[in-house]
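Chain by chain, the residues run as shown.
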Amino acid sequence: MALATYLWGPVPVASQTRCSSEADAALRRGWEAYRSGTLPRAVENFQLAHRLCPSNTDAGVGLGYARLRLGETKQAAALFEGVLARDSTNSDAWDGKARSRLQLGDTAGAVSAGQRALSLAPNNTDLRSMLDRLAPDRDRPIAQPRRAASLQLVARTAGSRFEVLSAGKWQPFYIRGVNLGVALPGRYPSEFPPDSATYAGWLDTLAAMGANSLRVYTILPPAFYRALRGWNLTHPTKVLWLLHGVWAELPPRYDFQNPSWLSEFQSDMRSVVDLIHGSAILEPRLGHAAGRYDADVSSWVLGFIIGREWEPFAVKAFNTRRPTGSFQGQYLRVQRAPAMDLWLAEQCDRMLRYEAATYNALRPISYTSWPTLDPLHHATEATVAEEAAWRKRSGRKIEAPMLEYENDAVSIDPILITPTAQNPAGWFATYHAYPYYPDFMFLDPGYQKARSSEGVSSYYGYLRELIFHHRAIPTVIAEYGVPSSRGVAHLHPQGWSHGGHDERQMAAIDARLTREIQEAGAAGSIVFAWLDEWFKKNWAVAAYEIPADNTRLWHNVMNAEQNYGILGQYAGDRATTPRLGENPNQWRALSLVQESQSGPIRALRAGADESYWYIAVELAPGQFSWDSLALQLAIDTHRPAIGQHLIPDSRVRSEIGFEFLVELLNPRTASLRVIPEYNRHDVKLDPTTADDFGSFSRRPVITVNRDDGRFDSLLVITNRARFGRDGTFYPARAYDRGSLRYGRQDSSSLSDWYLDEQAGVLQLRLAWDLINVTDPSSRTLLNDRHTTGPYGTSKVTGFHFGVIAREKRGSQGIAGALPATDHGVWLAKSFRQWIWNAWTEPKSHSQLKPVYDSLKQLWQAAPAGVPARPSRTAPSN
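Calculation rules
Residues numbered from 1 in each chain as written. Predicted model: local features only at pLDDT ≥ 70, side-chain atom pairs only at ≥ 80, totals over all residues. Heavy atoms only, no water. Phe/Tyr/Trp six-rings, centres within 6.5 Å; stacked < 30°, edge-to-face > 60°. Helix = DSSP H or I, 4+ residues; strand = E, 2+ residues; numbered from the N terminus. Buried < 20%, exposed > 50% of the residue type's maximum accessible area, 1.4 Å probe, protein only. Lys NZ or Arg CZ within 6 Å of the ring centre and 35° of its normal. Pairing = 2+ DSSP bridges. Salt bridge = Lys/Arg side-chain N within 4 Å of Asp/Glu carboxyl O. Axes fitted to C-alpha atoms, helices over the stretch in contact; angles between N-to-C directions. Core = buried A, V, L, I, M, F, W, Y, C linked by side-chain atoms within 4.5 Å. Contact = heavy atoms within 4.5 Å. Expected span 1.5 Å × (residues − 1). Polar contact = N/O pair within 3.5 Å; in protein donor to acceptor, adjacent residues only side chain to side chain. pLDDT = per-residue confidence, 0-100. Parallel < 35°, antiparallel > 145°, perpendicular 65-115°, else oblique. Left-handed = near helix turned anticlockwise from the far one by under 90°. Nonpolar A, V, L, I, M, F, W, Y, C, P; charged D, E, K, R; others polar.

### Observations concerning the packing of aromatic side chains
- On inspection of all chains with the given rule, the structure shows 49 aromatic pairs.
- Aromatic pair Phe256 and Phe318: ring centres 5.3 Å apart, planes at 75°, arrangement edge-to-face. Within this pair, whereas Phe256 is found in the loop between β7 (241–246) and α10 (259–276), its partner Phe318 is found in helix α11 (residues 312–321), the two being separated by 62 residues in sequence.
- In this structure Phe256 comes out as buried when scored by relative accessible area, which is 0%.
- We classify Phe318 as buried; its relative accessible area is 1%.
- Members of the aromatic cluster, each reached through a chain of ring pairs, are Tyr199, Trp202, Phe224, Tyr225, Tyr293 and Trp530.
- The aromatic ring of Trp390 is capped on one face by Arg393, whose charged end is 4.3 Å from the ring centroid.
- Over the ring of Tyr544 we find Arg680; its NZ or CZ atom is 4.0 Å from the centre of that ring.

### Focus on the pairing of strand β16 (residues 429–432)
- Every second residue of β16 is oriented toward a common face, with Ala429 and Tyr431 on one face and Thr430 and His432 on the other, all of them buried.
- In this structure, strand β14 (residues 365–369) lies alongside β16, joined through two bridges in parallel fashion. Within β16, the residue paired with Ser369 across the bridge is Tyr431.
- For β16 and strand β19 (residues 475–479), the ladder comprises four bridges, and the chain directions are parallel. When the bridges of β19 are listed, Tyr431 appears paired with Ile477.

### Brief notes about the pattern of salt bridges
- Applying the stated criterion across every chain yields a total of 43 salt bridges.
- Of the charged contacts in the structure, one is a salt bridge between Arg161 and Glu163, with a shortest N-O distance of 3.2 Å.
- The exposure class of Arg161 is partly exposed, given its relative accessible area of 23%.
- When its relative accessible area of 7% is taken as the criterion, Glu163 is described as buried.
- One salt bridge connects Glu406 with Lys316, and the closest N-O pair in it is separated by 3.5 Å. With Glu406 in the loop between α13 (384–394) and β15 (417–419) and Lys316 in helix α11, this residue pair connects regions lying 90 residues apart in the sequence.
- Note on Lys316: relative accessible area 39%, which makes it partly exposed.
- Look at the salt bridges and you will find they share partners, linking Asp649, Glu663, Arg673 and Arg806 into a network.

### A closer look at the sheet that holds strand β20 (residues 524–527)
- An order of β5-β6-β7-β10-β14-β16-β19-β20 is seen for the eight strands of this closed barrel, with the pairing classed as parallel. Pairwise comparison of adjacent strand axes, ignoring direction, gives a mean angle of 25° for this sheet.
- With five bridges joining them, β7 and strand β10 (residues 301–306) adopt parallel strand pairing. Across the sheet, residue Gly245 finds its bridge partner in β10, namely Ile305.

### Some remarks on the environment of His235
- Here His235 lies in the loop between α9 (222–234) and β7.
- Assessed through its relative accessible area of 27%, His235 is described here as partly exposed.

### Looking at the nonpolar core
- Ranked by internal contacts, the top residues of the largest apolar core, which has 137 residues, are Phe224, Tyr225, Tyr459 and Ile477.
- Among the elements that take part in this core, helix α12 (residues 339–359) stands out by supplying 11 residues, more than any other.
- Aside from chain neighbours lying at most four places away, what touches Phe224 is Leu180, Tyr199, Leu203, Leu214, Val216 and Leu242.
- In terms of nonpolar packing, the next biggest core, distinct from the first, is built from 77 residues, Leu629, Val662, Leu755 and Trp836 among them.

### Some points on α9
- Along its 13 residues, α9 runs 19 Å from first to last C-alpha, staying within 8% of the 18 Å computed at 1.5 Å per residue.
- Taken together, the buried positions of α9 are Pro222, Ala223, Phe224, Tyr225, Ala227, Leu228, Trp231 and Asn232.

### Some points on the environment of Asp444
- Mapping Asp444 onto the fold places it in the loop between α14 (440–443) and α15 (445–449).
- The spacing of Asp444 and Thr380 is 64 residues in sequence and 6.0 Å in space, taken between C-alpha atoms.
- A polar contact of 2.8 Å, which involves the side chain of Asp444, links it to the backbone nitrogen of Gly446.

### Brief notes about the side chain of Asn679
- Here Asn679 shows up in the loop between β29 (669–674) and β30 (715–719).
- The exposure class of Asn679 is buried, given its relative accessible area of 6%.
- Beyond its immediate sequence surroundings of up to four residues, Asn679 is in contact with Val674, Arg698, Val701, Asp712 and Ser713.

### Quick word on the sheet that holds strand β23 (residues 601–608)
- Taken in spatial order, the five strands line up as β22-β23-β24-β35-β34 in an open sheet, and their pairing is antiparallel. Each of the sheet's edge strands pairs with one partner strand only, and the pair in question is β22 (591–595) and β34 (753–756). Between one strand axis and the next, the sheet turns through 20° on average, direction left out of account.
- Sheet topology places strand β24 (residues 612–619) next to strand β35 (residues 761–767); seven bridges connect them, and they run antiparallel. Each bridged residue has a counterpart across the sheet, and for Tyr612 the counterpart in β35 is Ala767.

### Things to note about the confidence of the model for the protein chain
- Across the protein chain, the average pLDDT comes to 91, with 93% of residues at 70 or higher.
- In the model, residues 1–8 has pLDDT below 50 throughout and makes 32 contacts with residues more than four positions away in sequence or in other chains.

### Topic: the packing of helix α16 (residues 458–469) against helix α17 (residues 503–519)
- Direction vectors running N to C along α16 and α17 enclose 30°, while the axes themselves pass 9 Å from each other. Overall, the two elements α16 and α17 adopt an arrangement that is roughly parallel. In this structure, α16 meets α17 at a crossing whose hand is right-handed. Mapping the contact onto sequence places Tyr459, Tyr460, Leu463 and Ile467 in α16 and Leu513, Glu516, Ile517 and Glu519 in α17.
- Looking at side-chain class alone, the contact of α16 with α17 contains six nonpolar, no polar and two charged residues.

### Notes on the environment of Arg779
- Its place among the elements puts Arg779 in the loop between β36 (773–775) and β37 (780–782).
- Excluding residues within four positions of it along the chain, Arg779 makes contact with Ser794, Lys795, Val796, Ile835, Trp836, Asn837 and Ala838.

### Section: the packing of helix α2 (residues 39–52) against helix α3 (residues 57–69)
- Look at α2 against α3: their axes get within 9 Å of each other, and the N-to-C directions meet at 155°. The orientation of α2 relative to α3 falls into the category roughly antiparallel. Handedness of the α2/α3 crossing: left-handed. For the pair α2 and α3, the contacting residues are Leu39, Val43, Phe46, Gln47, Ala49 and His50 in the first and Ala59, Gly62, Leu63, Ala66, Arg67 and Arg69 in the second.
- A breakdown of the residues in the contact of α2 with α3 according to their chemical character gives seven nonpolar, three polar and two charged.

Listed below in structure tokens is the structure:
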């Protein structure tokens, strides 16, 4: 066959497979319907042809193209793969694979499949045009690696700082950087934007902010490096330096010497070296970028940072199985150290040796670490065994296995590694350090006394001690910041928590942390992160994001990890998404669920997007006042016959059972509560000691019948009760996830509700996670009857809502209800069901958060050079 055009599809010829005339007729009718645009009929006939003659691949090709035009891209891709598994010479299947990969965002895979199709059908002009657009230089040979005659050195370390070569002179360089995560909403972390224009726009925006450095964790598509080279060549006074990472998952059985795992890691190190020199062709691999890397950016690569935040248990296991020893490399050496330190030194030396041997170039190198592996001793951080001993001694309950790491049980130490005389580029330390975790960051008495020029700061106290330990080499804080999430994963006593900040608070905190990192004597800071990435997981909510693969399709504002971005990624369309305190017509445009012609409550409307579900309650003019009335919104999410049948205070009974209750007493006091059995958190705090003796998660989580009016708070423990190594007890910390914040959205990005008194519209938005919806994109909610294993779920069949305006004083009666009650009873037949539309591709829009301006103001005012080196004496806390 030969593909005429994508619209028309392959032109059928006599198949080599002998089939019945009925099968051939069905195939012919399929192509006729396809070309006429009658796609459902085409699908029907291709399926019939396949059933009548399964060995005929033409039917699979036709069905694949029909699915592709219907927008069923994943199904189409599977069909083309199935054809190619049977006939790898089918050019039309390769063409279809190219087009499906392109629609799935895999440009490298599309180019690779397209080239294979073109080799089999060189006259396919339509495909050739597509490849010319995607990869105009695909036929150009990659430059062969050329080794420079003299050592190429563009950056180096000098004591505790960096220096870069500028106009032939070494100049001090302080890193003002941004971590460049690039997964857009709806995309997996390995689905990178394919076009240079996207990256070029980001680089322009970052440079305008005052950033001088970028950090990438892994290999990005060729388009990124082309954009970076283009930017730096055309902006020589505003160059963006690159710190390049080499990513790796944990090895099997935590054995970092596992041959196949190590071989892949070392191959990736070589690929990173080759691609920054513009001399790499990377073949498509699942989960990896690929393509022709021909943009030489080596002149602007400040250094390499290998690895990731290794889990303490993995390091401990490796050190236990492998002996301590020494290491003598060509560029790095270790006199004596544990196995993990030796392994890290060897890998870094291997990467340096490869770049030197191949390109005669060197640059500074480091590995990723974090406070749980720091070389400091923390008296407030006991091991599991130490804590168990103190609990036994004090007569307290010994906890079940803790949902966190042992944060001071094992270390890796960068100062054990030193450059050899052959290494003029140097060595540096890299830490991801956030102010809120581990708890020793703010529990240590010395850290609590520390003061920066901005005031009391336990974070500054920790940084001073950490940087002093590494005072002979530069220390880079390569991740830091706080997220603008509604949810909180860990509380910080100074308010710098893991979440719970609106965007203005986030901007102020990130700016202060940036200043304190510099004041503490670091060689630079790299804020986390450029984008809000919807695929990210967080311990506090990950078990309830089901199916996990769909997390990328919706924005969980209760997930702290999804909300660190400078460039916010917001659900829906900016022009039409309802916003608290703004255009009331956007709230009135929501779907009508209930209405009444009398009483203070006239209508209830509902809507949804990828972050929230929205409720608008329309109130009669002049009939509602917070002085005398409160509002209650009862919510049924699952099985309307089952749930709480008595609404507290108002004493309304209902044939519909409710799982949740929103109580709005006044703009200062409002909450969302849940029936006890459907509360997924089992929080029990000793009232005298604040020791927690419940478990973080409840099993099972189900809705049951109740008639007692009880709804519990959404209290959750973020910081477990713990013992220090000296027996000091530190109480648990918790917060109420269901506490609702009043206000306009332009006043706080975390506002939950607002009453537009002039328009008479009460506006409420609730995060999906708060009402146990585990995936709004597929309308899935928590319904867990299991006691072990993953949480169980059910599909949403419909929500029901009831609203009550109750009197605050006197008889505690009701001033109105929607739907209306029948002698104090809500009848099931009075309720209308509401359900939202599912989706497979999320809608989103982007906007810079205030943190962009706070860092811009800070960085653009920053003087050239670096701060004073850290003191050679120990920090005084």
